[in-house]
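A closer look at the structure
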Protein chains: 2
Amino acid sequence: MKLTINRTTFMNELSTAQRAISSKTTIPILTGVKIVLTDEGLSLTGSNADISIETFLAKDDKKAQMLIEKTGAIVLQSRFFGEIIRKLPEDLFTLEVLENNQVAITSGAAEFVVNGLDPDNYPHLPIIDENNQLKIPVRVLNKIISETGFAVSMHESRPILTGVHFIQSNSELLAVATDSHRLSQRVIPVENAVEDFDIVIPGKSLLELSRSFKDEEELVEISIMENQVLFKTKTMYFYSRLLEGKYPDTNRLIPSSFNTEIEFSVPALLSAIERASLLSHEGRNNIVKLAITADEVTIYGNSPEIGNVQEELTYQKVTGEPLEISFNPDYMKDALKAFGGIDVVVKFISPIRPFTLEPVDSDISFIQLITPVRTN
Amino acid sequence: MKLTINRTTFMNELSTAQRAISSKTTIPILTGVKIVLTDEGLSLTGSNADISIETFLAKDDKKAQMLIEKTGAIVLQSRFFGEIIRKLPEDLFTLEVLENNQVAITSGAAEFVVNGLDPDNYPHLPIIDENNQLKIPVRVLNKIISETGFAVSMHESRPILTGVHFIQSNSELLAVATDSHRLSQRVIPVENAVEDFDIVIPGKSLLELSRSFKDEEELVEISIMENQVLFKTKTMYFYSRLLEGKYPDTNRLIPSSFNTEIEFSVPALLSAIERASLLSHEGRNNIVKLAITADEVTIYGNSPEIGNVQEELTYQKVTGEPLEISFNPDYMKDALKAFGGIDVVVKFISPIRPFTLEPVDSDISFIQLITPVRTN
C-alpha cells in the first residue's frame, strides 16, 4: 500500500472512525484503525463492542488530493497515528506499508516509521441485508435523537431502558425513551414506508451517530437485522448493536384527561427553572415547587442551609383547577431543552400524577411525561 | 447595605476576586467573598493561604450603573452567589442586606434570599508600606512572568524552587526560575529605580496575577514587605505571600564558553521537536537526540514499541564542533514557547554539559539553560 493524501481531509476521516475506537478495549487490534486502499478510494474502520464506523473517501474527491501508488491494507494504533498526522509539517503526507507491517509516514523532512498490525486479523463487520431500508434525511434523524435520547436510563439495572425504542408501522416512525422517572416520545410520518420494525438502539450509539454525520441535508438509509442496525450515508457506514429484550409498553403511561393546563414560552420557563434549581441542587431533595392559581403562577426553590428563591412566572394561558406540585427541576430542564424555542402546554391531573408537556402547535406529535415528587 | 448594579460588570469583578477563593479551604469564611459598599464605590475581596485579591469599582464607573442606597458590608458564599448572579433574568440586580446577615438578591420577578456571614469576622488583609514602590507596565510584568514562571519546580521537596527569584539592583530587575533540570532568566532595565530588593514569589501566585490583570497598558505598583508583596493597579490590589529561605546562586550555573553554536527559527525548531517528542513520550525515557555536523542537523525520536522518527532540521547557521546530544524534549518545548516567534542561538559545550538558548538579538537579556540526558 502506498498513498499520498491531503492531511486535513485524512484527519477528518480518521476523527470519524476514531469515534468507535476505545483505548479501554481488551482486544488489542481494536485500539487500531483499519486502513484499506482500493482503486476506488480509501476506507477507514474503527470498532468497539457497541458500534463500528467505516468511512469512505472516493479517489476522485478533489480536496483529498489522493495519489494511489499501490493498493493494500494495514491496521495502525489509532490514537498515536492520529497524533503523528496532526503534527506533520506539510499539507500532504505519504503512507507506505513496508515489510513486516511496518509503515513509513513521510511529510516534508519528517520521516516516521511505525509498527502496524496485520489487517487480516481485524474482525469483519456484519453483513446487513440492504433490501429493507428506511430512508430519511439526516436532519430528521438527528432531531428525533436529540428529542428522545436524553431520556434514556443511565443505569444498567434495566439495560433495555438505556436504549431508545423505535417502532415503524403504518407509515409512522415512533421513538420513545424513558428512565421510569420521565419519558419522551416523538412520532414522525414516514414516506416510502418499508417493512414494519420494532427495535431498541442504545442511547450512547445514537449520540455517537448524531455526532458522526457531516451533512444534515443528505439521506441516511437505515437497515435492520436481528441484532444490528446499519445507518448508511454516501461516505459512512455506522453499525450499532441492538438491545435485546422486550421494551415496556409505554403507551399506557400517557394520560389523556387533565385538570389544569397552562401554556408557557419554553425559553422563559427554562430560565426560571434554572434559577429555582440553583437552590434545589444544594438541598438534600432536589425539588422545586410550582403553585398555580387562576391569576398567578409562582415557582419556589429552597435550600435550608443557603436560602430560598421565588419567582412569579409569565405564562400565556392557564385553565382548570389551582394546583401545587413539586418535581425534580433537572427533568423539567431536559424536557424544555428538547422542545427548543417554541410554546408548550403543560397538563396536570393532580400533585401525585405524572404531568405532560406538548407543543401548543398540535401538528407536532411530541409528548413528554414527568413524574412529580410527593412532598407530604 | 443596599445596591443596584449592572450584572455583567459585577460578574467581572466577582470573577477576579474568585481567583483567590478556594472551596478547599478549612476556614469557612474564606469560601466567601467579602462585599464592601462605601460612598466611593464597591470592593470585593477573596483570599486564600497564598494570595488575596481586592477589586474596586468606583461609583461613577458608567458601565456599572450603580445606585447606592445604603452603604455596608457582607460576606456571601462565593461559588453559589456567582451562580445566582449569572442566572438572573435582567441586566440590573439589587443586593440588600436584611436582618441577621440575610441578603435579598432581586432581578425582574426573581427574588432570592440567601444566608450571608458577618463581615467583621473576615480576616484583615496585610497593611503594606507604600513608600517603596516599583512601577512597571502590566505588559512588561506579564511578559517576565510568562518567560520565567514555567521553569519553577512543581515539587515541594525544595519549596524555594517553586517560586520565581526577583532581584532589583543597579536599575535592573532580574527574574530567574529553575527546577534544577532547566533554568530561565530574564533581565530588564528599570527606570525610576527604587530600593534594591531580593524576593521569591510563588510561581502559582504569579500565574494567577497574570490572569487577573485586565488592562495590559496600565502601570502596576509593586510594594514589598517582609513576607508579602502587593501588586496594585487602579482597580485591583493583589497580595501574595513570599517564599522564605535562600534562593540558590544561579549565576554560577550559566556557562560562558561553548564549542558548538547553531541558530534556529523558533517556530520551525518547535514543530520538529513536537514531532520527535511524539515518539519519545511513548518510550520509557522521554528523550530525543540531536546530531549536529558542519552541514546537517538531524533530530531523532524513538520508541521501541511504536517506531521511530527522524527529521533533517532547517537552521540559519552552525559553527564549531560536530556534536550528538540527548535531552528531554518537553524542556526544549517550554523554552522555545517562552521565546515566541524569534530566532535563537543554541550553544553547546559537550553532550554532558548544560546548553543554553538565547535570542540572536543580543539586546534582549534572556537566557535559558537545559541539562542534557546522558545516554551511555
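Predicted, not measured: the structure shown is a model, and the values here were computed from it.

The next subject is the overall build of chain A. Regarding its fold elements, chain A presents six helices and 26 strands. The principal-axis extents of the C-alpha atoms in chain A amount to approximately 80 × 50 × 40 Å. A total of 376 residues make up chain A; the buried ones form 52% of that total. By element, 46% of the accessible surface of chain A is carried by carbon and sulfur atoms, the whole surface being about 17,900 Å². Positive and negative side-chain charges in chain A, numbering 35 and 52 respectively, have mean positions lying 3 Å apart.

A few words on the interface of chain B and chain A. Every contact between the two is made by 28 residues of chain B and, on the other side, 28 residues of chain A. Summed over both partners, the interface of chain B with chain A buries about 2,500 Å², with 57% contributed by carbon and sulfur atoms. Of all residues in chain B, Lys87, Arg275 and Leu278 of chain B give up the largest surface area on contact with chain A, accounting jointly for 24% of the area buried on that side. Where chain B touches chain A, the interface holds two salt bridges. Ionic pairing is found between Arg79 of chain A and Glu282 of chain B, a salt bridge with its closest N-O pair at 3.5 Å. In this structure, the connection of chain B to chain A is made through 10 residue pairs in polar contact (both at pLDDT 80 or more). Going through the elements one at a time, α2 (78-87), β9 (110-115), α5 (266-280) and β21 (307-312) of chain B are the ones with two or more residues in the side of chain B that touches chain A.

A few words now on the side chain of Ser212 of chain A. Following the sequence through the fold, Ser212 of chain A ends up in helix α4 (residues 203-212). With residues near it in sequence (within four places) discarded, Ser212 of chain A still touches Thr16, Arg19, Ile53, Met236 and Phe238 of chain A.

We now examine the packing of helix α1 (residues 7-18) of chain A against helix α2 (residues 78-87) of chain A. Residue and element names in this part refer to chain A. Where α1 contacts α2, the axes come no closer than 10 Å and their chain directions differ by 160°. Considering their axes alone, α1 and α2 lie roughly antiparallel with respect to each other. When the axes of α1 and α2 are compared, the crossing they make is left-handed. Here α1 contributes Arg7, Phe10, Met11, Leu14 and Gln18 to the contact with α2, which in turn contributes Ser78, Arg79, Phe81, Gly82, Ile85, Arg86 and Lys87.

With respect to topology, nine strands assemble into an open sheet ordered β23(A)-β19(A)-β20(A)-β21(A)-β9(B)-β8(B)-β7(B)-β1(B)-β5(B), the strand pairing being antiparallel. Two strands in the sheet have a free side with no partner beyond their single neighbour: β23 (323-327) of chain A together with β5 (67-70) of chain B. Here the average twist between neighbouring strands, direction ignored, is 15°. The pairing of strand β7 (residues 92-97) of chain B with strand β8 (residues 102-107) of chain B spans four bridges and is antiparallel. Bridge pairing in β8 of chain B links Thr94 of chain B to Thr106 of chain B. Packed on one face of the sheet, helix α1 (residues 7-18) of chain B meets β1 (2-6) and β7 of chain B and runs near 100° to β1 of chain B.

Here the focus is the relation of the copies chain B and chain A. The two copies are related by a screw operation: chain B maps onto chain A through 180° of rotation and 0.0 Å of translation along the axis, at an RMSD of 0.0 Å. Look at the turn and shift together and you get a two-fold axis relating the two. If distances are taken from each C-alpha of chain B to the rotation axis, the shortest is found for Lys24 of chain B, at 16 Å. The share of interface residues of chain B whose copies in chain A are also at the interface is 100%, consistent with both copies meeting through the same surface.

A few words on the packing of aromatic side chains. Residues and elements named next belong to chain A. One pass over the structure, following the stated rule, counts 14 aromatic pairs over all chains. Judged by centre distance (6.4 Å) and plane angle (75°), the rings of Phe231 and Phe238 are edge-to-face. Since its relative accessible area comes to 0%, Phe238 is described here as buried. Ring centres 6.4 Å apart and planes at 50° place the aromatic pair Tyr237 and Tyr239 in the tilted group.

Summarizing the sequence annotation, UniProt attributes the feature "domain: DNA polymerase III beta sliding clamp C-terminal" (unreviewed entry) to residues 252-373 of chain A in the numbering used throughout. This span, residues 252-373 of chain A, is 21% helix and 41% strand, and a straight line between its end C-alpha atoms measures 20 Å.

Right, let's talk about the UniProt feature "domain: DNA polymerase III beta sliding clamp N-terminal" (unreviewed entry) in chain A for a bit. Mapped onto this structure's residue numbering, the UniProt feature "domain: DNA polymerase III beta sliding clamp N-terminal" (unreviewed entry) falls at residues 1-126 of chain A. In residues 1-126 of chain A, helix accounts for 17% and strand for 43%; the two terminal C-alpha atoms are 25 Å from one another.

Time to look at α1 of chain B. Every α-helix carries 3.6 residues per turn, so stepping three or four residues along brings you back to the same face. All names here are of chain B. Over its 12 residues, α1 runs 16 Å from end to end, which matches the ideal 16 Å to within 8%, given 1.5 Å per residue. Listing the buried residues of α1 in full gives Arg7, Thr9, Phe10, Met11, Glu13, Leu14, Thr16 and Ala17. Measuring from the backbone nitrogen of Thr8 back to the side-chain oxygen at the start of α1 gives 3.0 Å, which picks out Asn6 as the cap.

Cut-off values and rules
- Residues numbered from 1 in each chain as written.
- Chains lettered and ligands numbered in written order.
- Predicted model: local features only at pLDDT ≥ 70, side-chain atom pairs only at ≥ 80, totals over all residues.
- Heavy atoms only, no water.
- Helix = DSSP H or I, 4+ residues; strand = E, 2+ residues; numbered from the N terminus.
- Buried < 20%, exposed > 50% of the residue type's maximum accessible area, 1.4 Å probe, protein only.
- Areas by Shrake-Rupley, 256 points an atom, 1.4 Å probe, with all protein chains shown as cover.
- Lys, Arg positive; Asp, Glu negative; His and termini not counted.
- Charge placed at Lys NZ, Arg CZ, Asp CG, Glu CD.
- Contact = heavy atoms within 4.5 Å.
- Buried area = accessible area lost by both parts, 1.4 Å probe.
- Salt bridge = Lys/Arg side-chain N within 4 Å of Asp/Glu carboxyl O.
- Polar contact = N/O pair within 3.5 Å; in protein donor to acceptor, adjacent residues only side chain to side chain.
- Axes fitted to C-alpha atoms, helices over the stretch in contact; angles between N-to-C directions.
- Parallel < 35°, antiparallel > 145°, perpendicular 65-115°, else oblique.
- Left-handed = near helix turned anticlockwise from the far one by under 90°.
- Pairing = 2+ DSSP bridges.
- Least-squares fit on C-alpha atoms with pLDDT ≥ 70 in both.
- Phe/Tyr/Trp six-rings, centres within 6.5 Å; stacked < 30°, edge-to-face > 60°.
- UniProt positions renumbered as here; feature names shortened; annotations may be inferred.
- Expected span 1.5 Å × (residues − 1).

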